[in-house]
Amino acid sequence: LNTNDLVFWVTELQAGRPNAAEPTFRKIAARVGDLARASFKKFPRVGRFVELDDVIQNSLVRLLAAFREVRPTSR
C-alpha cells in the first residue's frame, strides 16, 4: 500500500464509487487488523474489555468517515 493507492481510493470514494477501489480498502483493512492484533498481544488484558473485531471495525468506520472529508496529498 502506497500513497498513490491511498489517493486513488479516496478519490473513488469521494466520487461515489466505493467499490472501484475495493482492493485498496482490503489492503487497508488487513493492515489495521495486523496493527490491532499486535496491540492486543502487547496488552493482553485489553481483551477482557473489548473484542478484537470490534476494535478493527470501529477503526475502519472512523477511517472511512475521515477519508470522506479529507484528501491526503500524494507527496
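A quick note: this is a predicted structure, and the numbers were derived from the prediction, not measured. (Residues numbered from 1 in each chain as written. Predicted model: local features only at pLDDT ≥ 70, side-chain atom pairs only at ≥ 80, totals over all residues. Heavy atoms only, no water.)

Caption draft 1: Layout of helix α3 (residues 52–69). Here α3 is 18 residues long and its end C-alpha atoms lie 27 Å apart, about the 26 Å a rise of 1.5 Å per residue gives. Of the surrounding elements, those touching the buried residues of α3 are α1 (3–14) and α2 (22–42). (Helix = DSSP H or I, 4+ residues; strand = E, 2+ residues; numbered from the N terminus. Expected span 1.5 Å × (residues − 1). Contact = heavy atoms within 4.5 Å.)

Caption draft 2: Spatial organisation of the nonpolar core. Ranked by size, the top nonpolar core spans eleven residues in total: L6, W9, V10, L13, A21, I28, V32, A36, I56, L60 and F67. Those elements giving two or more residues to this core turn out to be α1, α2 and α3. Among the elements that make up this core, the one with the highest residue count is α1 (four residues). When near neighbours in sequence (up to four residues on either side) are disregarded, I28 contacts L1, L6, W9, L60 and L63. (Core = buried A, V, L, I, M, F, W, Y, C linked by side-chain atoms within 4.5 Å. Buried < 20%, exposed > 50% of the residue type's maximum accessible area, 1.4 Å probe, protein only.)

Caption draft 3: A look at the packing of α1 against α2. It is the contact of α1 with α2, at a shortest axis distance of 9 Å, that shows an interaxial angle of 120 degrees. Judged on the interaxial angle alone, α2 and α1 are oblique. Where α1 crosses over α2, the handedness of that crossing is left-handed. Touching D5, L6 and W9 of α1 are T24, F25, K27 and I28, all from α2. Across the contact of α1 with α2, the residue classes tally to four nonpolar, one polar and two charged. (Axes fitted to C-alpha atoms, helices over the stretch in contact; angles between N-to-C directions. Parallel < 35°, antiparallel > 145°, perpendicular 65-115°, else oblique. Left-handed = near helix turned anticlockwise from the far one by under 90°. Nonpolar A, V, L, I, M, F, W, Y, C, P; charged D, E, K, R; others polar.)

Caption draft 4: Up close: the confidence of the model for the chain. Residues of the chain with pLDDT of at least 70 account for 93%, and the chain-wide mean is 84. When mean pLDDT is taken per element in the chain, α2 scores highest with 89 and α1 scores lowest with 80. (pLDDT = per-residue confidence, 0-100.)

Caption draft 5: Seen up close, α2. With 21 residues, α2 ought to run about 30 Å at 1.5 Å a step, and its terminal C-alpha atoms sit 30 Å apart, in line with that. All buried positions along α2 are accounted for by T24, I28, V32, G33, A36 and F40. Next to the buried residues of α2 lie α1 and α3.

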